[in-house]
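# Fold and contact review
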Amino acid sequence: QVQLVESGGGLVQAGGSLRLSCAASGSIFSINTMGWYRQAPGKQRELVATITTGGRANYADSVKGRFTISRDNAKNTVYLQMNSLKPEDTAVYYCNLQQRVFKDYEYWGQGTQVTVSS
């Protein structure tokens, strides 16, 4: 089993910044993809950004140029630096880990609220 614990959410004014962290523990394979997804009220959960253990990052078009995902493989931790935040970034942000050990596994954190006021 894998446990994901997020931190860093909160309330910020438009144009401000926040940094999310997610620490993974448990049965973590050396090759995996960690990332962030978000879900706003009344909307489906959507991809924000992912990053592989090799450092290859993928971003949603809506956050490109504003958000940066990074990771520390030694600490099994992924970060999301969010700059130039907009009210439409308001959502619950979920940490995600995907790995393949004979079959595909996917794990989710409990979520952290990010609220951007206008």
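Small disclaimer: the values here were computed from a predicted structure and weren't measured. The numbering scheme is per chain: residues are counted from 1 as the chain's sequence reads. Reporting of local features is limited, given that this is a predicted model, to residues whose pLDDT is at least 70; pairs of side-chain atoms are given and counted only at 80 or more, and all residues count toward the totals for whole chains, interfaces and linings. In computing side-chain properties, one takes all heavy atoms of the structure into account and sets aside hydrogens as well as water.

## Looking at the environment of Val 101
How we decide: Only DSSP runs of H or I reaching four residues or more are called helices, and only runs of E reaching two or more are called strands; each is numbered from the N terminus. Only protein chains enter the accessibility calculation, which uses a 1.4 Å probe; a residue whose area is less than 20% of its type maximum is buried, one above 50% is exposed, and one in between is partly exposed.
Assignment of secondary structure puts Val 101 in strand β9 (residues 91-101). Here Val 101 falls in the partly exposed class, since its relative accessible area comes to 30%. C-alpha of Val 101 to C-alpha of Ile 31: the two residues are 70 residues apart in sequence and 9.4 Å apart in space.

## Some remarks on the state of the cysteines
To keep it simple, the criterion reads: Two cysteine sulfurs form what is called a disulfide whenever their separation falls within 2.5 Å.
For the structure shown, the criterion picks out 1 disulfide. Here Cys 22 engages in a disulfide with Cys 95; their sulfurs sit 2.0 Å apart. Between Cys 22 and Cys 95, the S-S dihedral sits near -85°, and the bridge is therefore left-handed. Here the residue Cys 22 occupies a position in strand β3 (residues 18-26), and Cys 95 occupies one in strand β9, the gap between them amounting to 73 residues. Assessed through its relative accessible area of 0%, Cys 95 is described here as buried.

## A closer look at the sheet that holds β3
Which entries qualify depends on this criterion: Two strands qualify as a pair provided DSSP detects at least 2 bridges between them. The convention used is that axes are lines fitted to C-alpha atoms, helices contributing only their stretch in contact, and that angles between N-to-C directions extend from 0 to 180 degrees.
One open sheet holds the 4 strands; their spatial order is β1-β3-β8-β7, and the pairing between them is antiparallel. The sheet is open, and its two borders are formed by β1 (2-7) and β7 (67-72), each paired with just one other strand. Neighbour to neighbour, the strand axes of the sheet diverge by 15° on average, direction disregarded. The pairing of β7 with strand β8 (residues 77-82) spans 6 bridges and is antiparallel. Looking across to β8, one finds that Arg 71 is bridged to Val 78.

## Here we look at the side chain of Asn 32
For the record, the criterion: Identification of polar contacts relies on pairs of N or O atoms within 3.5 Å, with a donor-acceptor requirement for protein atoms, meaning one able to donate a hydrogen and the other able to accept it, and with residues adjacent in sequence counted only if both atoms are side-chain atoms.
Locating Asn 32 in the fold gives a position in strand β4 (residues 32-39). Take Asn 32: its relative accessible area is 4%, and that puts it in the buried class. Side-chain polar atoms of Asn 32 contact the side chain of Arg 71, separated by 2.7 Å.

## Overview of the packing of aromatic side chains
The condition that has to hold: Any pair of Phe, Tyr and Trp rings, taking the six-membered ring for Trp, is counted once the centres come within 6.5 Å. Such a pair is stacked with planes under 30 degrees apart, edge-to-face with planes over 60 apart, and tilted for the rest.
Applying the stated criterion across every chain, the model contains 2 aromatic pairs. Aromatic side chains Tyr 37 and Trp 108 sit 5.1 Å apart centroid to centroid with 70° between the ring planes, which places their arrangement in the edge-to-face category. Here Tyr 37 is found in strand β4, whereas its partner Trp 108 is found in strand β10 (residues 103-108), with 71 residues between them in sequence. Residue classification places Trp 108 among the partly exposed positions, given a relative accessible area of 34%. Their ring planes at 5° and their centres at 6.4 Å tell us that Tyr 105 and Tyr 107 sit as a pair that is stacked. When its relative accessible area of 32% is taken as the criterion, Tyr 105 is described as partly exposed.

## Thoughts on unusual backbone geometry
One non-glycine residue, Asn 76, adopts positive backbone phi at about 50°. Mapped onto the secondary structure, Asn 76 falls in the loop between β7 and β8. Taking relative accessible area as the criterion, Asn 76 reaches 24% and is therefore assigned partly exposed. For Phe 102, which is not glycine, the phi dihedral falls at a positive 70°. With respect to the helices and strands, the residue Phe 102 is situated in the loop between β9 and β10.

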